[in-house]
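# Structural characterization, general
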Amino acid sequence: MSEKLWIFDTTLRDGEQVPGCQLDTREKIVVAKALEALGVDILEAGFPVSSPGDFNSVVEISKAVEDPIICALSRAVEKDIEVAAEALKYAKKSRIHTGIGVSGYHIEHKFRSTPDAVLEKAVKAVKFARNLVGEVEFYAEDAGRADPEFLAKIVEAVIKAGATVINIPDTTGYCLPEQYGNIIRFLKENVSNIDKAILSTHCHNDLGLATANSLSGVLNGARQVEVTMNGIGERAGNTSLEEVVMAIKSHKEVPVYTGINTKKIYETSRIISKLMNMPIQPNKAIVGRNAFAHSSGIHQDGVLKNRENYEIIDPKDVGVEESSIVLTARSGRAALKHHLKLLGFEFDKEKLDEIYADFLTLADSKRDIGRKDLLSLLGEHLENAPFIEMKEVFYEGSEGAGGHAKVVLAIGEEEKRSESDGNGPVDAVIKSIKKLIPQQVILDEFLIQAITKGSDDVCKVHMRLMHNERPYHGFGSETDIVLASAKAFIDALNKLPVK
Ligand code: KIV
Ligand code: ZN
């Protein structure tokens, strides 16, 4: 049966330690509320003794947040623990996270102490904290490099002293997944009172193994994971929340579930990246800009046939609207066809091949092809054989003061003429053209852009027409704005489905 995996978020503590990521209290509250909406179970709000600002943030977050347990970090020092408890006094549910280094490095070279003295200090700290708040979590710092026998001994002692959650940090990100999993299993099998506590993973990413190590911990019995959004944290970062949560959701064989509302992952990730001024690498798993973008022709073709050919996660599950098919020189016809269809155009194979050849030439000279590039490319193609051709345009008047226009169009084999008044010459020309076509169209967007400056300025007009709820784009360039507009309108009309 699937068991609950507690999500302990330390974005505001381990994550916020990153240089340049510091937030003020107001910003921390925004992040805390976003994490609450995401569904984290425990929110590590800060290290209150470290500064008055951090103390105040823990106080304010405790007041602002309802659902998660609010946790405050401390060293195994009475003063730290007292200050942490004070900062947590408004929390609906509170936890002190206290601990000490347990590896040979820390005991000998950091504390210049002995294992027995460290154990005694740990037990004293837990007992002290236990009297001040509802829940105590103990961290065995640098457990990844500690002697497993000593680790088991200290874990047993702090559980006896009242700790109900035991954090096993791979502080330096040293372990391999199998090694880290073995530590968790060893504790499960060798600590007599382990059933009275939850084991927690806390992995750093120095070797890029934080997510793998956390999952290995879970597979070996850990039931809490300590994570940060976007994987931010000391040095190479912490385990990223979104990776662990989505790995668990994607693999039903991992016997745990989380309370995370995965549809909020993308939004939360962006809020945090923006506030912390910490860009997300484009290829970051789950939340990177390219996480659901397909650029090679073979993959694009596969995704367009069936998303699951190349995607293991439905982008909607993490709050991303849809996968993207990026147009580059590596794209194939399927991707081009897909984008043209989105713009309202469908072509037979021969025409598509022709457009594709031009597309490749353009794509070789440009890194990314956007919607605008595609429309200009199309404009050229469709202009070659216009169904409607502008033969003559006469107009008078000025914008806003009214106008009158007469137009002559060649529509197929026929020549047709009409005239109309309008609130200006452009309006009058468009009304005249509309009289000659059978389709109902709405002019939805009208953009004018000057291409060259000087006495012979060229102006470029882009128009978007709506017909049967689909957009059709047209372009026209001329030295005269009314003529450019007439051309753009006719260009768009030539893209309407032929009746
Ligand atoms: O990495 C670590 O060991 C820590 C502890 C303070 C929990 O962040
Ligand atoms: Zn850490």
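Residue positions within a chain follow its written sequence, with the count starting from 1. Each chain is given a letter, starting from A, and each ligand a number, starting from 1, according to the order in which they appear as written. Reporting of local features is limited, given that this is a predicted model, to residues whose pLDDT is at least 70; pairs of side-chain atoms are given and counted only at 80 or more, and all residues count toward the totals for whole chains, interfaces and linings. The side-chain numbers reported here are obtained from all heavy atoms of the structure, hydrogens and water having been left aside.

## A look at the nonpolar core
Basically, it comes down to this: What makes a nonpolar core is a set of buried Ala, Val, Leu, Ile, Met, Phe, Trp, Tyr and Cys residues whose side-chain atoms join them at distances within 4.5 Å. Three exposure classes are used, based on accessible area relative to the maximum for each residue type with a 1.4 Å probe and protein chains only: buried under 20%, partly exposed in between, and exposed over 50%. Put simply, DSSP marks the helices as runs of H or I at least four residues long and the strands as runs of E at least two long, and each gets a number from the N terminus on. Each domain span listed reflects an automatic or database assignment of domains. Should any heavy atoms of two residues lie within 4.5 Å, those residues are counted as being in contact.
Ranked by internal contacts, the top residues of the largest apolar core, which has 92 residues, are Phe 138, Ile 166 and Ile 168. A total of 9 residues in this core trace back to one element, the largest contributor, which is helix α7 (residues 148-161). Of the domains in this structure, domain 1 (3-275) and domain 2 (293-378) are the two that each give at least three residues to this core. Not counting residues up to four positions away in its chain, the partners in contact with Ile 166 are Phe 138, Val 155, Val 158, Ile 159, Ala 197, Ile 198, Leu 199 and Ser 200. Within the second largest apolar cluster, 27 residues are counted, among which are Ile 411, Ala 428, Leu 436 and Val 441.

## Points about the sheet that holds strand β14 (residues 402-411)
Note the threshold: One bridge is not enough; two strands pair if DSSP finds at least two bridges between them. Between N-to-C directions, angles span 0 to 180 degrees; the directions come from axes that are lines fitted to C-alpha atoms, helices contributing only their stretch in contact.
Taken in spatial order, the 3 strands line up as β13-β14-β15 in an open sheet, and their pairing is antiparallel. Because the sheet does not close on itself, it has two edges, and the strands there are β13 (388-398) and β15 (414-422). Geometrically, the sheet is characterised by an average inter-axis angle of 10 degrees between neighbouring strands, direction not taken into account. Where β14 meets β15, 9 bridges bridge the pair, whose relative direction is antiparallel. Looking across to β15, one finds that Val 408 is bridged to Arg 417. Relative to β15, helix α16 (residues 425-435) is tilted by about 140 degrees, and along the sheet it contacts β13, β14 and β15. Its contacts with the sheet put helix α17 (residues 481-493) on β13 and β14, and the angle it makes with β13 is roughly 145 degrees.

## What about the packing of α7 against helix α8 (residues 177-190)?
The test is simple: In these notes the angle categories are as follows: under 35 degrees is roughly parallel, over 145 is roughly antiparallel, 65 to 115 is roughly perpendicular, and the rest is oblique. Left-handed describes a crossing whose near helix is turned anticlockwise from the far helix through less than a right angle; right-handed describes the clockwise counterpart. Three classes are used: nonpolar for Ala, Val, Leu, Ile, Met, Phe, Trp, Tyr, Cys and Pro, charged for Asp, Glu, Lys and Arg, and polar for all others, with Gly counted as polar.
As a packed pair, α7 and α8 sit with axes 10 Å apart at the nearest point and diverge in direction by 55 degrees. By the criterion of interaxial angle, the relationship of α7 to α8 is oblique. Read as a crossing pair, α7 and α8 show a hand that is right-handed. Listed contacts from α8 to Pro 148, Glu 149, Leu 151, Ala 152, Val 155 and Glu 156 of α7 are Ile 183, Phe 186, Leu 187 and Asn 190. Class assignment for the residues of the contact of α7 with α8 results in 7 nonpolar, 1 polar and 2 charged.

These figures come from the coordinates and say nothing about function on their own.
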